[in-house]
Each structure stands twice: as structure tokens, then as C-alpha cells.
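# Structural features, examined
Listed below are the residues making up each chain.
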Amino acid sequence: MNIKLRRTPKLFILASMVSIVALTVGCKKDDKDTPKPPAGSGKVALLNAAFGSDSLNFFIDTKKANGKLLGFGDSLKYVDVTAGERAFEIKGKDDKSILKKSFKTEKDKNYSLLASNSKDGKTFELIQVSDDLTAPKTDKAKVRFIHLSPDAGKLNMVNGETKLAENIAYKSASAYKEVDAKKTTFDIVDPEAKETLLTVEDLDLAKGKIYTIWIAGLQETDDAKKKLRVHIFINK
């Protein structure tokens, strides 16, 4: 094998070295100027239990999150929220602010915001609860109960003979529980009065799915629009 050496002019070598130095310096400068990757994001859903307003708009910082007005009993599926301290606001359909409150969201975490109001419908609240969206075991689903009725006492959620949630107070959520993925029935029970207030009949639970069963409205009212109702939110 013959290897031939070719003479390179000194001037060309010098110019090449200058170019390499300039390129190296330029790369270091670019590294400093490159923006840092985003801090990450969490996800937030909204359940509207605020019967004091006929419909709401939901804002995260200054950005509107819902495409259409959210009526009493409606829910908004998860939206991405930049991690950190965020301002959440509900407004009426007239665009007037009803309530604004800040909550912390963490990267890769999931939350539900609960819009509620007092029994007289005049005082509004936003409550944040964490959502554990870890998948259930094979052939199972997960369910939890959220209590958003301002005139109901502590409540239980029962599936057959099994208490899945016990003594849940207003503005509180139970832990998720695994149940068989099948068509089944849930009762919302007042343990003190030993009375079933609401029943979810023949809810078809799918394998791997996660559900929130939540109630909103008033137990004692003549206004049909504000009457106590049960709602189903599919978290995942």
C-alpha cells in the first residue's frame, strides 16, 4: 500500500486554525444563549358545582381553558398547566370575574379544581384536590367520591355491602378504590339518617378506567335547577 503525503500551504493551515478557534468560541456562546427547557407541566380538570351562576368560563392565568360555557354540573377534562404557582379564575358569561385563586401545580401531577358555592349561592370557592391516575390492576377500575353539596352532612358511598368512601365532608374527596370492572350500582348514603340520598344505577365500569362520582346541589330546595344530583367524571 502506498501512502502519498501532500504538502499543504502554511497560509491555508493558519486560516483553518483561526476558523476552528472562532467556531469553538461561537459554540460556547450559543450554549449560554440557548433557552432552558420548560420546567414541565401538570394537568388540571374542573368540576362545576357552583349553582349560584348559570354558567362559567374558566381561566388559567389569563388564558381561557374551556371552549364553551360550563353549566352547573358540567366538567372540563384535563388541560396542561405549566408547573409552578398558577392563577385560576372563574368568570360569568358576562365576563365578570367571580373568583380568582392561586394554586401550585407540580410537574407530571394531576389535579381537579372544584368550583362550589355556599348554600345561599352568594359565596364562591375553588378547591384543589390531587388525582392519582395510576392505572388499576388487571380487570379492575378505580373510583372515588367527591362531596360538593353545601347543605348535606358527611356522606358515604357504598357498592353493595362495601363502603368505598366513609364520612366524606363537604368540599372533600375520598381516596380512589379499586373495584371489579363490570356494570354495578353505587349508593350515596347519609350515615346519620341511614338514608340513601342518590343512586348511580348500572354504571358500566371499563377495565383500566378511573372514575370520579361527585354530587352537587342542595338537598333541601324547591328550585329544580339547584336540586341535589350525582355526576360521573371519567378521569382516565
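Scroll up a little and you will see the structure.
Quick summary incoming for the structure in this document. Fair warning: this is a prediction, and the values are worked out from it, not measured in the lab.

Criteria and thresholds
Residue indices begin from 1 for each chain and proceed along its sequence in written order. Side-chain atom pairs in this predicted model are given and counted only at pLDDT of 80 or more, local residue features only at pLDDT of at least 70, and totals for whole chains, interfaces and linings cover all residues. As a convention, hydrogens and water are excluded, and side-chain values are obtained from all of the structure's heavy atoms. Every helix listed is a DSSP run of H or I at least four residues long, and every strand listed is a run of E at least two residues long, numbered separately from the N terminus. Burial here depends on accessible area, computed with a 1.4 Å probe over protein chains only, as a share of the maximum for the residue type. Under 20% is buried, over 50% is exposed, and the range in between is partly exposed. Residues count as neighbours in contact if any of their non-hydrogen atoms are within 4.5 Å of one another. Working definition of accessibility: Shrake-Rupley area with a 1.4 Å probe, residue cover restricted to the visible protein chains. When a carboxyl oxygen of Asp or Glu lies within 4 Å of a side-chain nitrogen of Lys or Arg, that pair is called a salt bridge. By the convention used here, strands pair only if DSSP detects at least 2 bridges between them. Between N-to-C directions, angles span 0 to 180 degrees; the directions come from axes that are lines fitted to C-alpha atoms, helices contributing only their stretch in contact.

## What to know about the overall build of the protein chain
The helix and strand tally for the protein chain stands at one helix and 18 strands. Here the protein chain holds 236 residues, and the buried ones make up 42% of them. In the protein chain, of all internal contacts separated by at least 6 residues, the share reaching a separation of at least 24 is 59%. In the structure as shown, the protein chain presents an accessible area of about 14400 Å², 51% of it carried by carbon and sulfur atoms.

## Observations concerning the pattern of salt bridges
Counted under the stated rule, the structure contains nine salt bridges. The salt bridge partner of Lys43 is Asp80, with a shortest N-O separation of 2.6 Å. Pair noted here: Lys43 is in strand S1 (residues 41-48) and Asp80 is in strand S5 (residues 75-82), with a separation of 37 residues, a long-range link. Classification of Lys43 by relative accessible area gives partly exposed; the value is 34%. Between Glu166 and Lys163 there is a salt bridge, with the nearest N and O atoms lying 3.6 Å from each other. Look at Glu166 and you get partly exposed, because its relative accessible area is 47%.

## Looking at unusual backbone geometry
Despite not being glycine, Asp95 shows a phi value in the positive range, around 70°. With respect to the secondary-structure elements, Asp95 resides in the loop between strand S6 (84-92) and strand S7 (97-105). Judged by relative accessible area, which is 48%, Asp95 ranks as partly exposed. Of note in this structure, Asn167 is not a glycine but carries a positive phi near 55°. Among the secondary structure elements, Asn167 is positioned in strand S12 (residues 162-168).

## Focus: the environment of Ala65
Here Ala65 is to be found in the loop between strand S3 (63-64) and strand S4 (70-71). For the pair Ala65 and Leu46, spaced 19 residues apart in sequence, the C-alpha separation works out to 9.9 Å. With sequence-adjacent residues up to four places away left out, Ala65 is seen in contact with Phe58, Ile60, Leu76 and Val79.

## Structural notes on the sheet that holds strand S8 (residues 110-117)
In space, the four strands of this open sheet follow the order S5-S1-S8-S9, with mixed pairing throughout. Each edge of the sheet is formed by a strand with only one pairing partner; in this case those strands are S5 and strand S9 (124-130). Adjacent strand axes in the sheet meet at a mean angle of 25° when their direction is disregarded. Taken together, the six bridges between S1 and S8 define a ladder with parallel strand orientation. Within S8, the residue paired with Asn48 across the bridge is Ala115.

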